[in-house]
Amino acid sequence: MHEVIIKRKVWISASHWLHSTFLSDEENTATYGKCNNPNGHGHNYCVTVGLKGPVDEKTGMVLNLTYVAKILDEKIAGNFDHKHLDLDTSYFEERPSTSENIAIVIWQILKRTPLANFLYSIELEETPNNSVLYLGD
Ligand SMILES: Nc1nc2c(c(=O)[nH]1)N=C([C@H](O)[C@H](O)COP(=O)(O)OP(=O)(O)OP(=O)(O)O)CN2
Ligand SMILES: [Zn+2]
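None of the values given here were measured: they were computed from a predicted structure. Position numbers for residues count from 1 along each chain, tracking the sequence in the order it is written. Going through the entries in the order they are written, you letter the chains from A and number the ligands from 1. Where totals are concerned, whole chains, interfaces and linings use all residues; where local detail is concerned, this predicted model gives features only for residues with pLDDT of at least 70, and gives and counts side-chain atom pairs only at 80 or more. To get the side-chain values, all heavy atoms of the structure are used, and hydrogens and water are removed first.

A. Seen up close, the overall build of the protein. Each helix and strand counted, the protein has three helices and five strands in total. Counted from the first residue to the last, the protein has its helices and strands arranged as β-α-β-α-β-α-β-β. Dimensions of the protein, computed from the C-alpha atoms along their principal axes, are close to 60 × 25 × 25 Å. Contacts between residues were defined by any pair of non-hydrogen atoms, one from each residue, lying within 4.5 Å. Here the contacts in the protein between residues at least 6 apart in sequence split such that 68% fall between residues at least 24 apart. Under the convention used here, a 1.4 Å probe and the Shrake-Rupley method define accessible areas, while residue burial counts only the protein chains that appear. Accessible surface for the protein amounts to roughly 8200 Å². Of this, 49% is attributable to carbon and sulfur atoms. One finds the centroid of the 12 positive side-chain charges in the protein at a distance of 10 Å from the centroid of its 18 negative side-chain charges. Counting from the N terminus, the helices are DSSP H or I runs at least four residues long and the strands are E runs at least two residues long. In this tally Asp and Glu are treated as negative and Lys and Arg as positive; neither His nor the chain ends contributes. A single reference atom marks each charge: NZ on Lys, CZ on Arg, CG on Asp, CD on Glu.

Printed below as a string of structure tokens:
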């Protein structure tokens, strides 16, 4: 049995602001700087989902990536694309919409889909320079 990690990208065009309810206004400004602007700013997030599993002998696939794409389009793009992460969704009411937290939220959403048992990694690129990698807890 051969185990392989397959990957599929999904893009999210979204706005947000970085703000923590655990910090004072002054602390928020000091911590997040320009990203604490209440009017927000935008990113084209590139999310790469890694799925690990055995290659099926008959199909030659871990999972059909066309099927994976459909789930990611519905559950990830459908939830976040062209949204304000802090105003249009409830996921970041109690945690700042950092790349770290977005990756964790995406993991939690995918845990409730048929991809759950294959979930291996969430890589989220916020800018060409900044990215995070979450491997679950
Ligand atoms: N650990 C984290 N640090 C930062 C995050 C984050 O999610 N996790 N996020 C930000 C901001 O969202 C910010 O928008 C990043 O943009 P920017 O500073 O413009 O991005 P770059 O570093 O790619 O641009 P430079 O030109 O190199 O400054 C900040 N930190
Ligand atoms: Zn940002």
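B. Local environment of the environment of Gly40. Within the secondary structure, Gly40 is located in the loop between α1 (25-32) and β2 (41-54). Three labels apply to residues, based on accessible area from a 1.4 Å probe with only protein chains included: buried if under 20% of the type maximum, exposed if over 50%, partly exposed otherwise in between. Judged by relative accessible area, which is 18%, Gly40 ranks as buried. Considered as a pair, Gly40 and Trp17 are 23 residues apart in the sequence and their alpha carbons are 4.6 Å apart. Excluding residues within four positions of it along the chain, Gly40 makes contact with His16 and Trp17.

C. Main features of unusual backbone geometry. Even without glycine at this site, His82 takes up a positive phi of about 60°. Within the secondary structure, His82 sits in the loop between α2 (65-80) and β3 (83-84). Judged by relative accessible area, His82 falls into the exposed class, the value being 66%.

D. Molecular detail of the nonpolar core. Only buried residues count toward a nonpolar core. Its members are Ala, Val, Leu, Ile, Met, Phe, Trp, Tyr and Cys residues joined through side-chain atoms within 4.5 Å. Counting 31 residues, the largest nonpolar core has Ile76, Phe80, Ile106, Leu110 and Ile122 as its most contacted members. Where this core is concerned, the elements lending two or more residues are β1 (3-16), β2, α2, α3 (99-110), β4 (119-125) and β5 (131-134). Element by element, the count of residues in this core is highest for α3, at seven residues.

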